[in-house]
Structures are given as C-alpha cells and as structure tokens.
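Structural characterization, general
Residues per chain, in single letters:
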Amino acid sequence: MLDNRGLKEIYSNEQVFIILLARLQLGTCHLSAVTDHLQDAPVNWQLVFKLAQVHSIRAFLYSAITTHGIEVPAQFLASLKKRYQATKLRNFEQIKACTELVGKFAEQGITLIPYKGALFAEGYYADWAARESTDLDFLVDTVNVATIEDWLINNHYKGITTVPRPFLGYYKEFFKDIVYHKPGTPSAVELHWRLLDKFSGQYPAYRFFSAGLVPYRTGSFAIQKLAPTYDFLAVASNHFVKDMSIKFKYLIDMACLIQKEAASLDTKLILSTAKSYGFRKRLDIGLHLVNDILGINFTTDSKIYLSKDELVAPLSVQLPLSRFYINELPFIKRSLQLQDSAWQKVKFMLRCMCYVFLPTYADINAAQLPVYLLPVLAVLRPFRLIYQAIRH
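Rules used in this analysis
- Residues numbered from 1 in each chain as written.
- Predicted model: local features only at pLDDT ≥ 70, side-chain atom pairs only at ≥ 80, totals over all residues.
- Heavy atoms only, no water.
- 1 Å grid on protein atoms, 1.4 Å probe; cavity = no way out; pocket = protein on both sides within 12 Å on 5 of 7 lines; lining within 4 Å.
- Points joined across faces, edges and corners; volume = space filled by probe spheres on them.
- Helix = DSSP H or I, 4+ residues; strand = E, 2+ residues; numbered from the N terminus.
- Nonpolar A, V, L, I, M, F, W, Y, C, P; charged D, E, K, R; others polar.
- Core = buried A, V, L, I, M, F, W, Y, C linked by side-chain atoms within 4.5 Å.
- Buried < 20%, exposed > 50% of the residue type's maximum accessible area, 1.4 Å probe, protein only.
- Contact = heavy atoms within 4.5 Å.

1. Points about the layout of surface pockets
Roughly 390 Å³ of volume is contained in the second largest pocket. For the second largest pocket, the lining is made up of 18 residues, of which Ala97, Glu100, Tyr157, Lys182 and Thr185 are closest to its centre. The element contributing the most residues to the lining of the second largest pocket is helix 6 (residues 74-106), with 9 residues. Split into classes, the residues belonging to the lining of the second largest pocket amount to 8 nonpolar, 4 polar and 6 charged.

As structure tokens, this is what we get:
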C-alpha cells in the first residue's frame, strides 16, 4: 500500500482525501490520516464532488464521512446526502425487483443469475446504500433468451438494446446482451448471455457460473446468488477485464468483496480461470491497484510495477476511456497493452477486424431490412463506422 508520501507524489489533494477516506471506511488507515490531511492541505470541495460523480462514489463518500464524523462543508455534505438517499431508495427497489424477477422465471424453470448491482452492495458493503448502481444485471442461458424477452414484452417492458426476433440468433452468436426497461421503474434490465463482447475475448459463461449459485436471504427477500468466488469472477469481467480498472468504484467493489470474503475465496480457481481465458494481466493490474491504493491485498504470484498513469487512471477527473468499442483508438491501444501475450494481441486485432463487418443492433434497427439481407448490412457496416468516427 502506498504511504502518505507516495500518495502525495502521485495524486492531488482532492484525490488523496478520497483515497484516505476510502481506506478509513475499509479499515486500512486511522481517522487521524484523514483529519491530518484536511488540516495540512487545502481541498477544493467542488472538485471532490466532481471526482465522486465521475467515479460513482458520492453515496460511498457520504457514508464514510458520516460514519466517522469527518468535518466537511455543509453544502458539500448536503449534495452527497441527496445522492445517498436516492441510492438507498434505488437499491431497495432493485433488490425487490431482482428478487421478483428471479422468482417469476424460476416458476417457469428458468434460472436468472444476478450479479453486480444492489445485491452486490448488500452482500459485501458495510453500508448497502453506499454503492451506486443503475441497472439490474442478469446472466442467462442462451436457450432461454427468447422466452425471457417474450415475458418482458408481455409485461410492458420496452426494448432499449434489442433486435427484431428474426435477427436474434445472429445477435446471440456475436454480441452479449439485450436491455429492456419498464416505464415507471428506476432500473433497466440487462440480460447477458455473455459477459464480454467477443472482440474483447472469451470468458466463462452461464453454465460455469450456474454451478456457483447458493441460497441467500436479506431481510424478507430470499434469492439465489453467486458464491463469493463466482461473484468475484463475474464482477471482474466488467471492472478489470472489460473496463480495465478505470473507475474508483470498481476498486472499492473488489476491496469490499475481498475484505469480507478473504477466507472463502478460491484463489486457485480465480487465477487458473484468468490464465485459461487470457485475462491474467488485466486481473493482476486491477488487484495491484486495489492493494496499492486501498490497502486490501489478494495474494497472487505476480510482480507488477504500476506506472503513475495506471495509478492515476482510477481517479481521473475524466474517465480515460469513454467508449469500449472497436472504432475507439484509445480502447484499442489500452486493450493491446493489457493482453497476456503477443499471440493474444494478434487474436484481439483479428477479432476487431471481423467486427468491422458485423452489424450491431443499431445497424439492424436503423436499416429495417429483412434478415435475408443481413449480408448487405455487413457490406455497408464499414462505411457506417467510418462515418461515425468522422462525426465523433
């Protein structure tokens, strides 16, 4: 873990305050570290709030500040409190909605696997209202996608990211999810049959994770959720592999899980899975960030030196990557840097080249062509990408 001197050499006063506050909440530093920093260094509270907003940690900061009685400006605290209260209500509604959906489909013999979201906060955070989340994420079996989609449509959910039914087979083969939302509810429902787009690489799928389901109860809600090791791998797919550790929230998520479930995590399974599926480097960097910044250690056999840029990225004022797609050069560059080997880099670029010609849901819905003209969309697809790149 970086000491205070190391933190000050890398981060601004505002970033150091956020890091120390997170450490205090996680129990890896003393209250005096935070209060001494506030006495010794001027803090721009507007910038702290902006950082918290960018990294989705406003509710977390409020929880930490009020738990430990940190003195901060009243207006700043009031702004955080507003987000915290909204998050608390949303999280309760998400847990309720998640439980209801899992139960509805269980009656039909269909198992939805929930991950991330409010259920993750309830399971691993000291304060379940401290984790901001937006959507309900489920991992589903590909064979059940059409049935689940029909149920959602019949129950007044509207498609946000989806394709006409004749295209669904193609879409399931090459893409990873569909998204629906019911008007009047706060959260969209994301149905993932794959945790990563294929151009990002392979990752364990539904049948792997279904073996990790365990009964879980929170208050009056009973549900099946992933055991900690499987939760770790499911969340790592988003935080470390796809999004490449660019948000402070991601580090806090993993720190909370590791801290609470250190004794039950199957390190051997986690590391062997990372090696088999070619995301060991991204996993190692994420875990080293959690250790160096937050002081929560997950033992691996790797030695990695994190550059200043890598250490700063999870608390940047602007996210270093805005989009995670093949027409975004920063995404391509960073993805190549984090591949496990030269051969993995070659395969990544080959996959990206293939996806230049694969129509997305946006291409399909914009063209409104019958499915037998899918090859025409494939021909037009590169020109659409070029147009988007120029316009962007």
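From this point, things continue past the structure.
2. Some thoughts on the nonpolar core
Core analysis: the largest hydrophobic core is formed by 128 residues, its most contacted members being Phe138, Phe209, Phe232 and Phe248. Those residues in contact with phenylalanine 209 that lie beyond four places of it in its chain are Ile113, Leu139, Leu195, Tyr203, Pro204, Leu226, Tyr230, Leu233 and Ala234.

3. Section: empty space enclosed by the protein
One pass over the structure, following the stated rule, counts 3 cavities of 30 Å³ or more. Forming the boundary of the largest cavity are 13 residues, of which Cys98, Lys116, Gly117, Ala118 and Leu136 lie nearest the centre. Of all elements in the fold, only helix 6, strand 1 (113-115), helix 7 (117-124) and strand 2 (136-139) reach the threshold of two or more residues within the lining of the largest cavity. Residues belonging to the lining of the largest cavity are distributed by class as follows: 8 nonpolar, 2 polar and 3 charged. Its boundaries defined by the atoms lining it, the second largest cavity holds a volume of some 50 Å³. Together, Ser200, Val241, Lys242, Met244, Arg282, Phe331, Ser335, Gln339 and Phe348 line the second largest cavity. Among the secondary structure elements, those contributing two or more residues to the lining of the second largest cavity are helix 11 (228-242) and helix 16 (329-337). When the residues that make up the lining of the second largest cavity are grouped by side-chain class, the tally is 4 nonpolar, 3 polar and 2 charged.

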